[in-house]
Amino acid sequence: MSCKADLTVKPEVMPFFDPATNTISYVVKDPGSDACAVVDSVMDIDYAAGRISYESADAIIAFVREQGLKVEWLIETHVHADHLSGAPYIQAALGGKIGIGSQITVVQETFGKVFNEGTEFQRDGSQFDRLFNDGDTYQIGGMMACAIHTPGHTPACMTHVMGDAAFVGDTLFMPDGGSARADFPGGDAGVLYDSIQKVLALPRETRLFMCHDYGPNGRDIAWETTVCEQQDHNIHVGQGRRREDFIAMREARDATLKMPTLIIPSLQVNMKAGELPPEDESGKRFLKVPLGAL
């Protein structure tokens with residue numbers, strides 16, 4: 001089935017900006033109940049010190065408790081390469097199901113090899129509570145939500161439509177930021193263009209919420225726009241830009257980009273639904289650094 005934004009249902013959206021990774025997480029409340037979803041939560045890491053902390057996730061937990069909300073879903077729009085997921089930490093405190101796109105299995109197979117994971121690492125997505133296929137629906141209280149498969153940045157990217165709001169992950173940035181890179185393993189600029197067209201086919205009044213913003217040209221950080229604004233003003237895909245022109249632009253731009261600072265810890269944690277490596281016999285945890293693999 002196809003996903004359609006319901007412009008009559010207007011969820012309350014509370015953003016949480018993490019300046020260390022330029023990530024925006026969201027609490028999305030069903031307007032008719034106390035049910036909510038948490039989208040793209042963050043677990044903090046001091047990479048140089050090898051230290052994990054939970055200030056970002058704790059802020060979300062505190063807000064949910066203060067508002068008397070019930071978390072029903074913890075949505076990951078994709079396997080993030082620039083921050084670690086706080087979903088299992090929030091789930092332990094507040095409950096809810098962790099969901100991601102069903103193509104997570106492709107990501108797990110690819111990066112299971114990159115990080116030399118053993119046979120004990122299940123590559124079937126079983127670390128998550130729900131794997132979404134294109135067009136799948138689910139409920140947040142009385143509000144219908146729907147997942148659209150929007151690959152190109154990664155194979156498992158999904159856009160989640162909740163009422164009149166759509167959470168696009170890394171598929172799009174704000175209009176003056178353009179689009180996400182497509183050069184990670186499994187990424188494809190042409191596929192990304194096609195996915196963006198799915199998002200731009202939603203009603204023009206649909207609210208769009210970004211996963212990242214970097215304040216281009218010195219402007220203040222922003223995270224909310226509309227389909228209309230993206231169609232008319234997005235610097236990479238607006239004004240009906242042709243597919244072949246987008247591919248040429250995206251591939252040339254990607255060739256100049258460095259790997260994200262946190263890609264190594266992020267991928268090996270996030271492909272396992274945010275779970276940290278198990279402790280060894282001394283009670284320590286270790287992440288791997290594959291040399292020359294990325």
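Residues numbered from 1 in each chain as written. Predicted model: local features only at pLDDT ≥ 70, side-chain atom pairs only at ≥ 80, totals over all residues. Heavy atoms only, no water.

- Identification of the chain as MBL fold metallo-hydrolase from Szabonella alba is taken from an unreviewed UniProt entry.

**Examining the overall build of the chain**
For step 1, the next point in the chain: Within the chain, the secondary structure is distributed over seven helices and 14 strands.
For step 2, the next point in the chain: Expected size for 294 residues packed as a compact globule is a radius of gyration near 19 Å; at 18 Å, the chain falls within 12% of this value.
For step 3, the next point in the chain: Overall, the chain is about 55 × 45 × 40 Å in size when its C-alpha atoms are taken along their principal axes.
For step 4, the next point in the chain: Here the chain, with 294 residues, has 53% of them falling under the buried criterion.
For step 5, the next point in the chain: Summarising the internal contacts of the chain: among those between residues at least 6 apart in sequence, 66% fall at separations of at least 24.
For step 6, the next point in the chain: For the chain, the exposed surface amounts to about 12,700 Å²; the carbon and sulfur share of it is 51%.
For step 7, the next point in the chain: Side chains of the chain give 25 positive and 41 negative charges; the mean places of these two sets differ by 3 Å. (Helix = DSSP H or I, 4+ residues; strand = E, 2+ residues; numbered from the N terminus. Rg over C-alpha atoms; globule rule 2.2 N^0.38 Å. Buried < 20%, exposed > 50% of the residue type's maximum accessible area, 1.4 Å probe, protein only. Contact = heavy atoms within 4.5 Å. Areas by Shrake-Rupley, 256 points an atom, 1.4 Å probe, with all protein chains shown as cover. Lys, Arg positive; Asp, Glu negative; His and termini not counted. Charge placed at Lys NZ, Arg CZ, Asp CG, Glu CD.)

**Thoughts on helix α6 (residues 243–254)**
For step 1, the next point in the chain: An ideal rise of 1.5 Å per residue puts 16 Å on 12 residues; α6 measures up with 16 Å between its terminal C-alpha atoms.
For step 2, the next point in the chain: Taken residue by residue, α6 has Phe-246, Ile-247, Met-249, Arg-250 and Asp-254 as its buried positions.
For step 3, the next point in the chain: Buried residues along α6 sit in contact with α4 (189–200). (Expected span 1.5 Å × (residues − 1).)

**A word on the sheet that holds strand β6 (residues 70–75)**
For step 1, the next point in the chain: Strand order in the open sheet formed by six strands is β1-β2-β3-β6-β7-β8, and the pairing between neighbours is mixed. A strand with exactly one partner marks an edge of an open sheet, and here the two such strands are β1 (12–18) and β8 (130–132). Along the sheet, successive strands turn relative to each other by an average axial angle of 25°, direction set aside.
For step 2, the next point in the chain: By the bridge criterion, four bridges tie strand β2 (residues 23–29) to strand β3 (residues 35–39) in an arrangement that is antiparallel. (Pairing = 2+ DSSP bridges. Axes fitted to C-alpha atoms, helices over the stretch in contact; angles between N-to-C directions.)

**Some remarks on the state of the cysteines**
For step 1, the next point in the chain: Under the criterion given, the structure shown has one disulfide.
For step 2, the next point in the chain: Left unpaired, Cys-36 is separated from the closest cysteine sulfur, that of Cys-211, by 18 Å.
For step 3, the next point in the chain: Looking at Cys-157, it has no disulfide partner, and the nearest cysteine sulfur is the one in Cys-211, 9.5 Å off. (Disulfide = S-S within 2.5 Å.)

**Some details on α4**
For step 1, the next point in the chain: Between its first and last C-alpha atoms α4 spans 16 Å; for 12 residues at 1.5 Å apiece the expected length is 16 Å, and the two agree.
For step 2, the next point in the chain: All of the buried residues in α4 are Ala-189, Gly-190, Leu-192, Tyr-193, Ser-195, Ile-196, Val-199 and Leu-200.
For step 3, the next point in the chain: Buried residues along α4 sit in contact with β10 (143–149), β11 (158–162), β13 (207–209), α5 (227–233) and α6.
For step 4, the next point in the chain: Between a side-chain oxygen at the N-terminus of α4 and the backbone nitrogen of Gly-190 the separation is 2.9 Å; the capping residue is Asp-188. (Polar contact = N/O pair within 3.5 Å; in protein donor to acceptor, adjacent residues only side chain to side chain.)

**Concerning unusual backbone geometry**
For step 1, the next point in the chain: We note that Asp-40 has phi near 55°; this positive angle belongs to a residue other than glycine.
For step 2, the next point in the chain: Note on Asp-40: relative accessible area 2%, which makes it buried.
For step 3, the next point in the chain: In this structure, Ala-273 is a non-glycine residue whose phi angle is positive, near 65°.
For step 4, the next point in the chain: Checked against the element boundaries, Ala-273 lands in the segment after α7 (263–270).
For step 5, the next point in the chain: Judged by relative accessible area, Ala-273 falls into the buried class, the value being 5%.

**Focus: the packing of α4 against α6**
For step 1, the next point in the chain: Closest axis-to-axis distance for the α4/α6 pair is 9 Å, and the angle between their directions is 125°. As summarised for this structure, α4 and α6 are arranged oblique, according to the angle between their axes. Note that α4 runs across α6; the crossing there is right-handed. Touching Ala-189, Gly-190, Val-191, Leu-192, Tyr-193, Asp-194 and Ile-196 of α4 are Arg-243, Phe-246, Ile-247, Arg-250 and Glu-251, all from α6.
For step 2, the next point in the chain: Broken down by class, the residue content of the contact of α4 with α6 amounts to seven nonpolar, one polar and four charged. (Parallel < 35°, antiparallel > 145°, perpendicular 65-115°, else oblique. Left-handed = near helix turned anticlockwise from the far one by under 90°. Nonpolar A, V, L, I, M, F, W, Y, C, P; charged D, E, K, R; others polar.)

**Remarks on the pairing of β6**
For step 1, the next point in the chain: In this sheet, β6 lies alongside β3 in parallel orientation, the contact comprising five bridges. Of the residues in β6, the one forming a bridge with Cys-36 is Val-71.
For step 2, the next point in the chain: One crossover worth recording links β6 to the parallel strand β7 (residues 97–101) by way of helix α2 (residues 87–94), and it is right-handed. (Right-handed = clockwise from strand over helix to strand, strands pointing away.)

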